[in-house]
Amino acid sequence: MSVGLFTFGIATPPLFMSSTEHALRERIKELKCIYELSRIGASAPDLATVLKKTLKILPASMQFPRRAVARIKAGDEEYGSADFNRTDARISSPIVIGKKKYGSVSVGYVKQGKAPTPAFLTEERKLLQVVSRELSFIIQRHQAEEEKQRLKLQLQHVERLAFVGELTAGIAHELNEPLGRILGFAQLIRKGGPLNAQQEADMERILKASLYTREIIKKLMIFSRQMPPQISAVNLNETVSNILYFMDAPYFSGNIRITKKLDPDLPVIRADAVQISQVLVNLLTNAIHAMPDGGDVLISTSHRNGFVTLTVKDNGVGMTPEVKEKIFEPFFTTKPVGQGTGLGLSVVDGIVSAHGGRINVTSAPGKGSRFEVMIPVRTYNRKSKTS
Ligand SMILES: Nc1ncnc2c1ncn2[C@@H]1O[C@H](COP(=O)(O)OP(=O)(O)OP(=O)(O)O)[C@@H](O)[C@H]1O
Ligand SMILES: [Mg+2]
């Protein structure tokens, strides 16, 4: 740092040191800081480490390293020691990303009794600008890396789903035919002549098991999009009322209270009525299963920004973030064997995607879950005009 800029005698070089020597030392400190920063940027595993390490090296490059403390703000994060609040002289430089202020780098001198507050040099301000610029490059690099990683994971997920979808479609197709025969022949035997009580009971079991398997195959086919939607005008409010009317009475007994809050001005959507009912049944069933000791379910409809929304909210057991992440994966279930196939939400996801919609889920363990299904109104209306 150049000697000429030392202000008010505070940065006067120590008596034993020539001013040139002092300036040289300051300059070396500054270069060391920039060099260290580039090393940190290249080697630190994550952004938090970069920022924490930068905090450590920054004060050393100031005129009065022992009194200097630094603070870095980046996005929602803030790094710095509590001493920063005890500083009475500060300089700051913004971290800019894509023309927007993303954060800032600040350095301050901590108050020391009656000792005069040192003034910052132009060189120190410039150094801070270099540091904040360098940090913005590093942050952008990390963000690009994170985005790349996210896209890679998303792609892997899509590929896995596509693979499972293909496999599922194949299995469902192959099983459908023999299953049809099992059902057909079982019914023929029944019609063919009187069976003894044991045979009748066994036949009943065969038929029940076959029908159960047929339901699973149907779910698999919906999930793997082997059943294209049969589009007609659907009023979600009617769907809700019908399902609540027809759903098994045991659901409404016990301590489960189901409330509906329907938007009276809900626009009609063009959708597959059966599949939309399936979405509600699956969400409602899950909500009820999540409340083994009873609770409240709120089913509501609304519309906004060209979307109609169906929300199913329960105050049941809720989900951990780890479970929540996997719920749309086919065959993922936390229920005991025989009580859940893990296909309910995969089917919901398949149906909603086929309708051009999306699902938002919020959940917290012990607090309950909220599933919000949004289906576009206009897309389907427009499609219907051209078709
Ligand atoms: N409302 C909810 N509250 C808490 N957990 C839920 C809720 N809905 C879904 N889950 C979790 O997501 C998992 C997957 O749900 P999904 O409906 O796909 O399968 P399932 O209910 O286990 O079985 P299936 O629906 O095929 O009978 C559930 O096992 C459960 O752990
Ligand atoms: Mg389910």
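1. Some words on the overall build of the protein
Of regular secondary structure, the protein possesses ten helices and eleven strands. Against the compact-globule benchmark of 21 Å for 387 residues, the protein has a radius of gyration of 33 Å, which places it well outside the compact range. For the C-alpha atoms alone, the extent of the protein along its principal axes is close to 120 × 50 × 45 Å. Buried positions account for 25% of the 387 residues belonging to the protein. If you take every contact in the protein between residues at least 6 apart in sequence, the share linking residues at least 24 apart comes to 68%.

2. So, the site of ligand 1
If you check the shell around ligand 1, you find 23 residues, and the closest are Asn286, Ala290, Thr333, Gly340 and Gly344. Elements represented by at least two residues in the shell around ligand 1 include exactly α7 (273-289) and α9 (344-354). The residue inventory of the shell around ligand 1, partitioned by class, reads nine nonpolar, twelve polar and two charged.

3. Examining the environment of leucine 343
Looking at the secondary structure, you find leucine 343 in the loop between α8 (321-326) and α9. Between the C-alpha atoms of leucine 343 and alanine 233, which are 110 residues apart in sequence, the distance is 27 Å.

4. Thoughts on helix α1 (residues 19-43)
The first and last C-alpha atoms of α1 sit 36 Å apart over 25 residues, in line with the 36 Å expected at 1.5 Å per residue. Among the residues of α1, Glu26, Cys33, Leu37 and Ile40 are the ones counted as buried. Of the surrounding secondary structure, the elements contacted by the buried residues of α1 are α2 (47-57) and α3 (122-192).

5. As for the nonpolar core
Ranked by size, the top nonpolar core spans 33 residues in total, and within it Val279 and Leu283 carry the most contacts. Sorting the residues of this core by element identifies α4 (197-223), α5 (236-246), β7 (269-272), α7, β8 (295-304), β9 (307-314), α9 and β11 (368-376) as the ones contributing at least two each. It is α7 that contributes the most residues to this core, seven residues altogether. Counting the residues that make up this core, at least three belong to each of domain 2 (148-223) and domain 3 (231-386). Dropping the residues within four chain positions of it, valine 279 is found in contact with Val348, Ile351, Val352 and Val373.

6. Some thoughts on the confidence of the model for the protein
On average, the protein scores 85 in pLDDT, and the residues at 70 or more come to 90%. Per-residue pLDDT stays below 50 along residues 1-10; that stretch engages in 21 contacts with residues further than four places along the chain or on separate chains.

7. Thoughts on the sheet that holds β11
In space, the five strands of this open sheet follow the order β6-β8-β9-β11-β10, with mixed pairing throughout. A single partner strand is all that each edge strand has here, and the edge strands are β6 (256-261) and β10 (358-364). Averaged over all neighbouring strand pairs, the angle between strand axes comes to 10 degrees, with direction disregarded. Note that β9 and β11 share eight bridges and pair antiparallel. In the sheet register, leucine 310 faces β11, and the bridge partner there is valine 373. Here α9 sits on the sheet and contacts β10 and β11; the angle it forms with β10, its principal contact strand, is near 145 degrees.

8. Details of unusual backbone geometry
Phi is positive for lysine 99, close to 65 degrees, though the residue is something other than glycine. Secondary-structure assignment places lysine 99 in the loop between β3 (87-97) and β4 (100-110). Its 5 C-beta neighbours within 10 Å are what place lysine 99 among the exposed residues. Positive phi, close to 50 degrees, is recorded for asparagine 305, a residue that is not glycine. Mapped onto the fold, asparagine 305 is located in the loop between β8 and β9. Judged by the 8 C-beta atoms lying within 10 Å of it, asparagine 305 is exposed.

9. Section: the packing of α3 against α4
For the pair α3 and α4, interaxial distance at closest approach is 9 Å and the crossing angle is 155 degrees. By the angle between their directions, the pair α3 and α4 is classed as roughly antiparallel. Two packed elements cross with a definite hand, and for α3 against α4 that hand is left-handed. Side by side, α3 and α4 meet where Thr168, Ile171, Ala172, Leu175, Asn176, Leu179, Ile182, Leu183, Ala186, Ile189 and Arg190 of the first sit next to Met203, Ile206, Leu207, Ser210, Thr213, Arg214, Ile217, Leu220, Met221 and Phe223 of the second.

10. A look at the sheet that holds β3
One open sheet accounts for four strands, arranged β2-β1-β4-β3; its pairing is antiparallel. Sheet topology places β2 (77-80) and β3 at the edges, where each strand pairs with a single neighbour. Averaged over all pairs of adjacent strands, the angle between strand axes in this sheet comes to 15 degrees, irrespective of strand direction. Of the strands in this sheet, β1 (68-74) and β2 touch α2, which is tilted by about 160 degrees from β1. Packed on one face of the sheet, α3 meets β1, β3 and β4 and runs near 40 degrees to β3.

11. Side note on the pairing of β7
Along β7, one buried face is formed by Ile269 and Ala271 and the opposite face, lined by Arg270 and Asp272, is buried too. By the bridge criterion, four bridges tie strand β5 (residues 231-234) to β7 in an arrangement that is antiparallel. In the strand pairing of β7, alanine 233 is matched with arginine 270.

12. Here we look at α2
For an α-helix, the turn length of 3.6 residues means that residues three or four places apart are oriented alike. Three or more residues of α2 are buried, namely Val50, Leu51 and Thr54. Buried residues of α2, seen end-on, are gathered within an arc of 90 degrees and therefore sit on one face of the element. The outward face of α2, more than 90 degrees from its buried face, is lined by the exposed residues Thr49 and Lys56. Taken together, the buried residues of α2 touch α1, β1, β2 and α3.

About the thresholds
Residues numbered from 1 in each chain as written. Chains lettered and ligands numbered in written order. Predicted model: local features only at pLDDT ≥ 70, side-chain atom pairs only at ≥ 80, totals over all residues. Helix = DSSP H or I, 4+ residues; strand = E, 2+ residues; numbered from the N terminus. Rg over C-alpha atoms; globule rule 2.2 N^0.38 Å. Buried ≥ 20, exposed ≤ 12 C-beta atoms within 10 Å, placed from the backbone. Contact = placed C-beta atoms within 7 Å. Near = placed C-beta within 6 Å. Nonpolar A, V, L, I, M, F, W, Y, C, P; charged D, E, K, R; others polar. Expected span 1.5 Å × (residues − 1). Core = buried A, V, L, I, M, F, W, Y, C linked by C-beta atoms within 7 Å. Domains from an automatic or database assignment. pLDDT = per-residue confidence, 0-100. Pairing = 2+ DSSP bridges. Axes fitted to C-alpha atoms, helices over the stretch in contact; angles between N-to-C directions. Parallel < 35°, antiparallel > 145°, perpendicular 65-115°, else oblique. Left-handed = near helix turned anticlockwise from the far one by under 90°. Arc of directions from axis to C-beta.

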